[in-house]
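Listed here are the chains, written in short residue letters.
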Amino acid sequence: MRSLVLGFFFLVCCNAVRLDRRRPRPIAARGRNETTVQTKPAEKPCKATPLDFVFVIDSSRSIRPNDYEKVKAFIINLLQFLGVGSDATRVALLQYGSVVQPEFSLNTYTTRAEVEQAVRNMEHLATGTMTGLAIQYTMETAFTEEEGARPAELLIPRIAMVVTDGRPQDTVEEIAAQARHAGIQIFAVGVGRVDMNTLKAIGSEPHSEHVHLVANFSQIETLISVFQSKLCGGSEMCEVVDHQCQHICVSSPASYRCKCRKGFTLNPDGKTCKGIDHCADGTHGCEQEFMSTEDACVCKCRNSYTLRPDGKTCKKIDHCADGKHGCEQEFMNTEDACVCKCRKGYTLGPDGKTCKKIDHCADGKHGCEQEFMNTEVACVCKCRKGYTLGPDGKSCKKIDHCADGKHGCEQEFMNTEDACVCKCRKGYTLGPDGKSCKKIDHCADGKHGCEQEFMNTDDACVCKCRKGYTLRPDGKTCKKIDHCADGNHGCEQEFLNTEDSCVCKCRNGFTLQPDGKTCQKQQCGDGVMDLVFVIDGSKSLGPANFELVKQFVNGIVDSLDISRTGTHVGLLQYSTKVRTEFTLGQYTTAENIKQAVSRMQYMGRGSMTGSALRHMFELSFSAKEGARPNIPRVSIVFTDGRSQDDVSEWADKAKNSGVTLYALGVGKAIEQELREIASEPDEKHLYYAEDFDQMGEITTKLKSRICKDKPSNENMCRCENVIMFQNQVTKKLTNLMQNIEAMSKKLESLENQVVRK
């Protein structure tokens, strides 16, 4: 009740203070193109705030002609409250059905009269209801600076009013949320059977200010007074409505919003606030415990620990850290104090700080025959070198027969129970004297130095090489046998040395002939064509993926026979507009074409595929741009998303004129649009990849398909094959005649020698 009283007070103050002034009067819709306005312009009842205002009008077939005129009258009546001008409110309008049709942009008109006349001239589309597509166009195109929107830093409110009468044929939730996040304030006006949940998905918060539903088009005029108070901007909304904000209310030109004080965040109801838990996301990084304060999440430590300078980790309080413990050997930090301790074999003195070694031999009662040693746990007897301790652990006896060094062994020796016995190292054998050694394996010491393999003989270790290699003069290293080194391979192009022989091979694009030496270029599949690439440069593609598309184009160019008399290539890029990068007649070498592709600049706007197809059909294959008569015409159309205009009309015209169309789609490309573009059958002319990582696979398939489909003359190929066969036969006959002639000369020489003898 309080909000109704305040609202009524606001309207009385705004509209009734000066009764002598003439107010804008609603305009009645008469008939098609007969929307009228009062003859004398009404003065504005209050000063309007400058806006960038875009009308988004449903022009679907469900709207009858007389209702369409009522929508136009509604728009013209709203214009009476807007101060239209380049420095005041700028107005744009687009209507939509199955496609989006912009009527005029924010920088088209500078007076209200011009805008009203443009509204009267609008024509009903009477097609589908692609509301989501219209909102996307509004966000990506209508509110750009190129279309007349003022820079964001000027803080000019951006307002979009969506008027619709039915369920959209596409999704609106995600794109409407993106538009609102981009700073666009959306009013959703529904007429008739529109679902309120759909309107709320479109309109800004709070819905009570931005979402309106009327029963029919006759009642749409009742919203005039509602929007008059919103668009005039005469009062702060927080002062005249019951906003119910728990902390702070912030007014906007046509609405209000709630916000919270520092340390609080707004609840989903958009009104109440709750304290911010800075620790809730779990990223505090505290080692032990944490506590949320007004400004941050603060770490703390358990008892007996202190916080480190990093404010996150904890360290134990070290009672020994000050170095005043006075311990002689070791110390240990406990929970309450620093305690001294001694190493093993020592005992702590009465002062609790010094240490004394425990000497188990000090009393002289060890009874050792030779030597003794104090250990950590006892006094232990030991013997001098060459002696061993007896079973009693005290006496010693000599047991090593080799210890005196008088064994006379040449290499090694081994002490046995009764004597010292000589032995030889690996690869040697003991001589008859039982002391000297003789080498028996010349390779055993591993010093042969052979690079590959070796063999032990009676007198030496001999190096040898594996199959396909020969031993060098140093007798150790190996080199590969080069069967091609003598130059007698007779290969026409390239050759390859294998393990057994020298084998001929041909360069890419050539085939090895039956003689195993000569090469022939594959000619029958090399047709001539005029090829035009139609490349999507829309915003959804992104700069990185655009570079991949350029690589794809150059990959196709590499597979073609580009020349003045061979294949010619042209390319155009499109987004919201279409741009010819180079024409069919501009370049005649593959290198020049690839350089031109690399220089292409990414457009990054909308996606008007239908306009690009029209440009290709009307201009790219014209004689002016280098198209040749009686030459097959091919176009490769690449896209990554839904077109913002119709593609079927110009695709059909191009195909009917004899152009073969290949459709390539990636990511969010629409299959139905690809089928409308591609020539039949689809399986030969339509290619799709889920992401740009699969572009290489598409390139390979398309190369293969274009090669198979290249126009060629079978009779010409047969003729060339006959000529080739004749040339080969002639060459063989010539070689045979030369050999016969040489043999005849040799026989004649032998006969002369026989006659002389």
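Just so it is clear, the structure is predicted and the values come from calculations on it, not from any experiment. (Residues numbered from 1 in each chain as written. Predicted model: local features only at pLDDT ≥ 70, side-chain atom pairs only at ≥ 80, totals over all residues. Heavy atoms only, no water.)

## Digging into the packing of aromatic side chains
Under the convention used in this document: Note on aromatic contacts: the rings of Phe and Tyr and the six-membered ring of Trp form a pair at centre separations within 6.5 Å, being stacked when their planes are under 30 degrees apart, edge-to-face when over 60 apart, and tilted otherwise. Only protein chains enter the accessibility calculation, which uses a 1.4 Å probe. A residue is then buried if its area is under 20% of the maximum for its type, exposed if over 50%, and partly exposed in between.
Per the stated rule, a full pass over the model turns up 7 aromatic pairs. Each ring, one from Phe53 and one from Phe55, has its centre 4.7 Å from the other, and the planes form 50°; the classification is tilted. For Phe55, a relative accessible area of 1% corresponds to the buried category. Plain terms: the ring middles of Phe187 and Phe227 are 5.5 Å apart, the flat faces sit at 80° to each other, and that makes the pair edge-to-face.

## Some thoughts on the sheet that holds strand S37 (residues 578–582)
Rule in force here: At least two bridges found by DSSP between two strands is the condition for calling them paired. For the purposes of this entry, the term helix denotes a DSSP run of H or I that reaches at least four residues, the term strand denotes a run of E that reaches at least two, and both are numbered from the N terminus. Between N-to-C directions, angles span 0 to 180 degrees; the directions come from axes that are lines fitted to C-alpha atoms, helices contributing only their stretch in contact.
Pairing is mixed across the open sheet formed by 6 strands, whose spatial order is S37-S36-S35-S38-S39-S40. Only two strands of the sheet have a single partner each, and these edge strands are S37 and strand S40 (686–689). Here the strands of the sheet are splayed against their neighbours by 20° on average, with no regard to which way each runs. As defined by bridge partners, strand S35 (residues 530–536) adjoins strand S38 (residues 633–639) across 6 bridges and the pair is classed as parallel. The partner of Phe533 across the bridge, within S38, is Ile636.

## Quick word on the sheet that holds strand S5 (residues 184–191)
Ordered in space as S3-S2-S1-S4-S5-S6, the 6 strands form an open sheet in which the pairing is mixed. Pairing within the sheet leaves two strands with one partner each, and these edge strands are strand S3 (100–104) and strand S6 (211–214). This sheet shows a mean twist of 20° between the axes of neighbouring strands, independent of strand direction. Bridging between S5 and S6 involves 4 bridges; their strand directions are parallel.

## Here's the deal with the packing of helix H4 (residues 131–142) against helix H5 (residues 173–181)
Note the threshold: Each angle gets one of four labels, with under 35 degrees taken as roughly parallel, over 145 as roughly antiparallel, 65 to 115 as roughly perpendicular, and the rest as oblique. For a crossing to be left-handed, the near helix must be turned anticlockwise from the far one by less than a right angle; the clockwise case is right-handed. Only heavy atoms enter the contact rule, under which two residues are in contact if any of them lie within 4.5 Å. The classification used treats Ala, Val, Leu, Ile, Met, Phe, Trp, Tyr, Cys and Pro as nonpolar, Asp, Glu, Lys and Arg as charged, and all other residues, Gly among them, as polar.
Following both chains from N to C, one finds H4 and H5 inclined at 20°, their axes separated by 9 Å at the closest point. Accordingly, the angle class assigned to the pair H4 and H5 is roughly parallel. The two elements H4 and H5 meet at a crossing, and its hand is left-handed. Contacts from Gly132, Ile135, Gln136 and Met139 in H4 reach Ile175, Ala176, Gln178 and Ala179 in H5. A class-by-class count of the residues in the contact of H4 with H5 yields 5 nonpolar, 3 polar and no charged.

## Topic: the state of the cysteines
Quick reminder of the rule: Disulfides are defined as cysteine sulfur pairs within 2.5 Å.
Scanning the entire structure with this criterion turns up 19 disulfides. Covalent S-S linkage joins Cys409 and Cys422, the inter-sulfur distance amounting to 1.7 Å. Of note, the bridge from Cys409 to Cys422 carries an S-S torsion of about -85° and is left-handed in sense. In this pair, Cys409 is assigned in the loop between strand S22 (396–398) and strand S23 (412–415) and Cys422 in strand S24 (residues 420–423), connecting sequence segments 13 residues apart. Considered together, Cys409 and Cys422 belong to a single accessibility category, that of buried residues. Disulfide partner of Cys443: Cys461, at an S-S distance of 1.8 Å. Every disulfide takes its handedness from the sign of the S-S torsion; for Cys443 and Cys461 that torsion is 110°, giving right-handed. Taken together, the positions of Cys443 in the loop between strand S26 (437–439) and strand S27 (453–456) and Cys461 in strand S28 (residues 461–464) put the pair 18 residues apart, joining distant regions of the chain.

## What about the environment of Ser98?
With respect to the element layout, Ser98 can be found in the loop between strand S2 (90–96) and S3. Of the residues examined, Ser98 reaches a relative accessible area of 36% and is grouped as partly exposed. Along the sequence, Ser98 and Gln644 sit 546 residues apart, while their C-alpha atoms lie 9.5 Å from each other. Not counting the four nearest positions on each side in its chain, Ser98 is found in contact with Thr127, Gly128, Met130 and Leu133.

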